[in-house]
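If you want the building blocks of each chain, they are given just below.
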Amino acid sequence: MKTVFAKTLRNGDDLFDQPFLLLEVTQRKTRDDRPYILFDLSDKTGRIGGVYWNVPDSVIESCPAGQVVLVTGNVTTYNQRLQVVAVDLQPFEPDSMADYAPSSRREENQMTSELKQIISELREPLSTLLTKILLKPLFLRRYAQAPAAKMMHHACIGGLLEHSLNVVQYCHLASKLYSDIDLDLLIAGALLHDVGKVEAYELAAAFPMTNNERLVGHIGTGLIIVDRAAREMDLPEPLLQELLHIIVASHGTREWGSPEPPRTLEAVLLSQFDLLDSRAQGFLDHVAAEPGDNEWTSRSAMFGHELKR
């Protein structure tokens, strides 16, 4: 049973065969050509950086990123931040990944109840379409447990549903400002814009990317899921096009992965809400994941610089 967690580590702590998820391993060499690795360790409470000097080749081969490992070493402070100086890493197979994969702060049952209520309040035929896609028991389970991303934001079990419900809240706020919004269409887009992510990541250590995500992508998968369900119930073509466009344009620009840029008010708003929630949660996730109480965090991959707590 795991008893030592990233969030509780303090300067001077000794670690002996303590299990952590190994992330982002980078191989380096010192000026005198001795090998070492930089890495991140994580669990459900956060993450901490580390270094292994004079690392044996056997460790590099047996302990790739994404593997749970037993860590022996000590916790020190470097550049005012905690780090683990490892002297041994060994591969480890835990009985459960519950201690290593972070989960949404919200309860799954609470989120699924909110989802069902939102869908029930949509006008027809959107309510029927979203019921057909999202509320089938097996699909709902996957939708409710999937992460929204591998690392940057909502990278946790339940992250996809949490993110989607957050975006719905932004939709309601916008409806108070812009009277021309088709609110039901916008909410449907909020719940479906990332639906393809149910096929994007495995529910395992470090949420490995699936072949489907590499070959088709979550936007393409989402289009297929929605189009197939819509045609089975003969959804009016203009409404279907509007909904598919929200999904296609959800990343905002072609440079950020959208096949087409937003060309409707609902698509413009959805892409901005998606970005806003991902950035805000990405900030909070980065700050929460770092142990210690330093005023400034390490460099955030999302923002490209340190963040102030």
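Look up: the structure comes first, before these words.
Anyway, here's the lowdown on the structure attached to this text. Since we're looking at a predicted model, the values are computed, not measured. (Residues numbered from 1 in each chain as written. Predicted model: local features only at pLDDT ≥ 70, side-chain atom pairs only at ≥ 80, totals over all residues. Heavy atoms only, no water.)

## Some remarks on the packing of aromatic side chains
Working step 1: Tallied over the full model, the rule gives 3 aromatic pairs.
Working step 2: For the pair Tyr36 and Trp53, a centre-to-centre distance of 4.7 Å together with 40° between the ring planes defines the contact as tilted. Within this pair, whereas Tyr36 is found in strand 2 (residues 35–43), its partner Trp53 is found in strand 3 (residues 46–53), the two being separated by 17 residues in sequence.
Working step 3: A cation over an aromatic ring shows up here: Lys2 above the ring of Phe5, its NZ or CZ 5.1 Å from the ring centre.
Working step 4: One Lys or Arg, Arg279, reaches over the ring of Trp256 and ends 5.9 Å from the middle of that ring. (Phe/Tyr/Trp six-rings, centres within 6.5 Å; stacked < 30°, edge-to-face > 60°. Helix = DSSP H or I, 4+ residues; strand = E, 2+ residues; numbered from the N terminus. Lys NZ or Arg CZ within 6 Å of the ring centre and 35° of its normal.)

## Section: helix 8 (residues 218–232)
An α-helix turns once every 3.6 residues. As a result, residues three or four positions apart point the same way.
Working step 1: Its 15 residues give helix 8 an end-to-end C-alpha distance of 21 Å, which sits within 8% of 21 Å, the value for a rise of 1.5 Å per residue.
Working step 2: Among the residues of helix 8, His218, Ile219, Thr221, Gly222, Ile225, Val226, Ala229 and Ala230 are the ones counted as buried. For helix 8, the arc enclosing every buried residue in end-on projection is 165°, short of the 170-degree limit, so these residues lie on one face. For helix 8, the exposed residues set more than 90 degrees away from the buried face come down to Arg228 and Glu232.
Working step 3: Lining the buried residues of helix 8 we find helix 3 (126–134), helix 4 (137–145), helix 6 (183–192), helix 7 (211–215) and helix 9 (237–248).
Working step 4: Once helix 8 ends, the next one or two residues include Asp234, with phi positive near 60°. (Expected span 1.5 Å × (residues − 1). Buried < 20%, exposed > 50% of the residue type's maximum accessible area, 1.4 Å probe, protein only. Arc of directions from axis to C-beta. Contact = heavy atoms within 4.5 Å.)

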